[in-house]
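Residue strings, one per chain:
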Amino acid sequence: MTFVNQLKRPFVVGVLRGRSADDDIANILNSECEGADAFDLHIHWLPAEQRDEKTLRRIFSSTKKPCLALFYREGTPFNTPAASEETRIAGLMRALECGAAGVDIQADYFDKDPKASLEGSDLPFAKKIPNEVTLNPEAIGKQRELIRSIHNMGKEVLLSSHVGVELSRDEIISLALEMEKRGPDIIKIVTPCADEDYDRAIELLSAINELKKRLHTPFVCLGTGTAGRLTRITGAMLGNCLVFANLKYESNSTPTQPLIRSAVTILREASRDVRA
């Protein structure tokens, strides 16, 4: 099963950040009972010895629901160094071969100095020099080639950018349109939103509403911080294709992500026909 073609949007994605395969499998089984539609496995949180083919197959085969695999640069709870790009790509391809429905790749792949590629660009978002995006033509070509190869496997790609800087509504739209050209199945943009800056959160909701009109590709646009919580579920009502959610809150959880049961209940009520 794939994300985009077979799940009704918006769908709820249970986040898997267990410290072992057994933790992730238990999370999957319990999250299914809470109504999760899909899962999001953070491979970099698994111990290195549990990133092998046998273990990944065991995790993905524990559910019939689609799983997205991530392998980010960030360090792990085991204090191991962040993996190289080559290692991360190899890990994602292994996950696809072992049953993942899709993978999350970052929009600066194949560029060792992506910020240099943004200098002098006329694109609105580029002047902020965001993280996780490149405009290097060679790197973009390699991203497109990787995406095509994943599509040839019958799998899907979420192209992500955690920009690390506050992008305005128009800058977000500019970035999303640029990312769409690379051919992903889902676009994900995460931008800061200060804890009590609800004006900023409303601007992000406006961006989501406009992205729904402008993009041909499903997307999710999120704000970090307490105020950014509005983009999690309200954003899904306005156009985000999914909600990332937790089974419960633990030390390794993102606290601004809602609980699965809360997301499922709110989205169900929001979609209810009230004309009767």
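A brief look at the structure comes next. (Residues numbered from 1 in each chain as written. Predicted model: local features only at pLDDT ≥ 70, side-chain atom pairs only at ≥ 80, totals over all residues. Heavy atoms only, no water.)

### A few points about the nonpolar core
Ranked by size, the top nonpolar core spans 65 residues in total, and within it F60 and I105 carry the most contacts. A per-element tally of this core places helix α8 (residues 198-214) first, with 6 residues. Dropping the residues within four chain positions of it, F60 is found in contact with L41, C67, A69, A95, C98, G99 and A100. In this structure, L158, V220, L222 and F244 belong to the second largest nonpolar core, which totals 19 residues. (Core = buried A, V, L, I, M, F, W, Y, C linked by side-chain atoms within 4.5 Å. Buried < 20%, exposed > 50% of the residue type's maximum accessible area, 1.4 Å probe, protein only. Helix = DSSP H or I, 4+ residues; strand = E, 2+ residues; numbered from the N terminus. Contact = heavy atoms within 4.5 Å.)

### A look at the pairing of strand β4 (residues 102-106)
Extensive coverage of β4 is indicated by the burial of 5 of its 5 residues. The side-chain alternation of β4 yields two buried faces, one formed by G102, D104 and Q106 and the other by V103 and I105. As judged from the 2 bridges shared by strand β3 (residues 67-70) and β4, these two strands associate in the parallel manner. Bridging across to β4, L68 finds its partner in G102. Here β4 runs beside strand β5 (residues 156-162); their pairing, made up of 5 bridges, is parallel. Of the residues in β5, the one forming a bridge with D104 is L158. (Pairing = 2+ DSSP bridges.)

### Overview of the packing of helix α9 (residues 230-238) against helix α10 (residues 260-270)
Here α9 crosses α10 at 30 degrees, and the two axes come no closer than 11 Å. Taken as axis vectors, α9 and α10 run roughly parallel relative to one another. For the pair α9 and α10, the sense of crossing is right-handed. Contact residues: I233, A236 and M237 in α9; A263, I266, L267 and A270 in α10. Taken together, the residues of the contact of α9 with α10 sort by class into 7 nonpolar, no polar and no charged. (Axes fitted to C-alpha atoms, helices over the stretch in contact; angles between N-to-C directions. Parallel < 35°, antiparallel > 145°, perpendicular 65-115°, else oblique. Left-handed = near helix turned anticlockwise from the far one by under 90°. Nonpolar A, V, L, I, M, F, W, Y, C, P; charged D, E, K, R; others polar.)

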